[in-house]
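The residues making up each chain are set out below.
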Amino acid sequence: MVNLNIKYKNIVERLLDEFSYKPELAIVLGSGLGDFVFSINVIKSIDTCSIQDYPESTIPGHEGKIIFGEYCGKKILLFQGRIHFYEGYSLNECILPVFVSYKLNAQKILFTNAAGGINSDLNPGDLMLATSFNGINIKKELASLIPLPSIAAKNNFLDFPSSAFNKIIISAAEAEHIKIKEGVYWFTKGPSYETPAEINMINKFGGDAVGMSTVHEAIYAGNLGLKVSSISCITNYAAGISHKKLNHSEVTETANLVKDKFEKLVKRVIVS
Ligand code: HPA
């Protein structure tokens, strides 16, 4: 069905041995959004560095913790720290959080990320719900994880991201009076930010926001049958949209500014 290197299967098995916990929702926290864990009741927190062979988080703003938590009686699984392709990890490693979520029986997975705004309607500090993903430049690598017959057998992009889960997020934002914009999230491999010419191309091809994560994780999750949604925190104007130089500290600083809004929204999503 879906291939996973045996070494990583073993990591997941070891993790599962530690828990008899069935989360309803898994959340992958993106750059600068990791503080969300402080707003829920932490039942168990595991440092990923204590799990043998688990990929190490090397990026500031990604703690490297797997958290079993609870909020208003709802069980959630949080990944505070993401494994990025641009850190040199293989896709087998990048999708470990998704595989763990699937094995623990999570029905839904919410990806969150920091992204550069391309669409002129998107400004730093905005939240954007993904209406679709573009991962055209990572799909070849994904073929090693999701064999072709499995992709071909399913119309797996018909409801992707999940329209039902996206509706829940839109209603939660309305209930909290939070403005959430919508658009296409476009993946680039990184690690360097895009050039203005690349952003110009992405813009012409319908990308609204750009980031270096989520799409391969989301495609893998969709193939495993999880309901997928993704919220981007627009942390900066993409290259060439403004003439400001980009750097990772701007990304984490803006993410920090939207922390309260993000926290309120995600809490409402959890109880919806
Ligand atoms: N490009 C790629 N990834 C990003 C950006 C960006 O502008 N901002 C935050 N993550």
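What counts as what
- Residues numbered from 1 in each chain as written.
- Predicted model: local features only at pLDDT ≥ 70, side-chain atom pairs only at ≥ 80, totals over all residues.
- Heavy atoms only, no water.
- Axes fitted to C-alpha atoms, helices over the stretch in contact; angles between N-to-C directions.
- Helix = DSSP H or I, 4+ residues; strand = E, 2+ residues; numbered from the N terminus.
- Parallel < 35°, antiparallel > 145°, perpendicular 65-115°, else oblique.
- Left-handed = near helix turned anticlockwise from the far one by under 90°.
- Contact = heavy atoms within 4.5 Å.
- Nonpolar A, V, L, I, M, F, W, Y, C, P; charged D, E, K, R; others polar.
- Buried < 20%, exposed > 50% of the residue type's maximum accessible area, 1.4 Å probe, protein only.
- Arc of directions from axis to C-beta.
- Near = heavy atom within 4 Å.
- Polar contact = N/O pair within 3.5 Å; in protein donor to acceptor, adjacent residues only side chain to side chain.
- Areas by Shrake-Rupley, 256 points an atom, 1.4 Å probe, with all protein chains shown as cover.
- Expected span 1.5 Å × (residues − 1).
- Salt bridge = Lys/Arg side-chain N within 4 Å of Asp/Glu carboxyl O.

### Regarding the packing of helix H6 (residues 163–175) against helix H10 (residues 259–271)
Where H6 meets H10, the closest approach of the two axes is 9 Å, and the angle between their N-to-C directions is 125°. Compared by their axis directions, H6 and H10 come out oblique. Here H6 and H10 pass one another in a crossing that is right-handed. Across the interface between the two elements, Phe165, Ile168, Ile169, Ala172, Ala173 and Ala175 from H6 touch Leu265, Arg268 and Val269 from H10. For the contact of H6 with H10, a count of residues per class yields 8 nonpolar, no polar and 1 charged.

### What to know about the environment of Gly34
Relative to the assigned elements, Gly34 resides in the loop between strand E1 (25–29) and strand E2 (41–47). What makes Gly34 buried here is its relative accessible area of 8%. Spatially, the C-alpha atom of Gly34 lies 9.5 Å from that of Lys65, the residues being 31 residues apart in sequence. Leave out the neighbours within four places in its chain, and Gly34 touches Leu29 and Gln80.

### What about helix H9 (residues 248–257)?
Buried within H9 are the following residues: Glu250, Val251, Thr254 and Ala255. Angular distribution of buried residues about the axis of H9 spans 130°; they occupy a single face of the element.

### Here we look at the site of the ligand
Around the ligand, a shell composed of Ala114, Ala115, Gly116, Tyr193, Glu194, Val210, Gly211, Met212, Thr235, Asn236, Leu246 and Val251 is seen. Take Ala114: an N or O atom from its main chain is 3.4 Å from a nitrogen atom of the ligand. A distance of 2.7 Å separates a nitrogen atom of the ligand from a polar atom in the side chain of Asn236. Computed on the free molecule, the ligand has an accessible area of 260 Å², of which 95% lies beneath the protein chains in the complex. With 3 residues, the top contributor of residues to the shell around the ligand is strand E5 (residues 108–117).

### Re H6
With 13 residues, H6 ought to run about 18 Å at 1.5 Å a step, and its terminal C-alpha atoms sit 18 Å apart, in line with that. Those residues of H6 that fall on the buried side of the exposure criterion are Phe165, Asn166, Ile169, Ala172 and Ala173. For H6, the angular spread of the buried residues around the axis is 120°, confining them to a single face. Counted as exposed and oriented over 90 degrees from the buried face of H6: Lys167 and Glu174. At the C-terminal side of H6, His177 shows a positive phi close to 55°.

### Regarding the pattern of salt bridges
Applying the stated criterion across every chain yields a total of 9 salt bridges. The residue Asp121 makes a salt bridge to Lys181 at a minimum N-O spacing of 3.9 Å. With Asp121 in the loop between E5 and strand E6 (127–134) and Lys181 in strand E7 (residues 180–187), this pair connects stretches of sequence that are 60 residues apart. Residue Lys181 is classed as buried on the basis of its relative accessible area of 14%. Connected through shared salt-bridge partners, Asp121, Asp126 and Lys181 make up one network.

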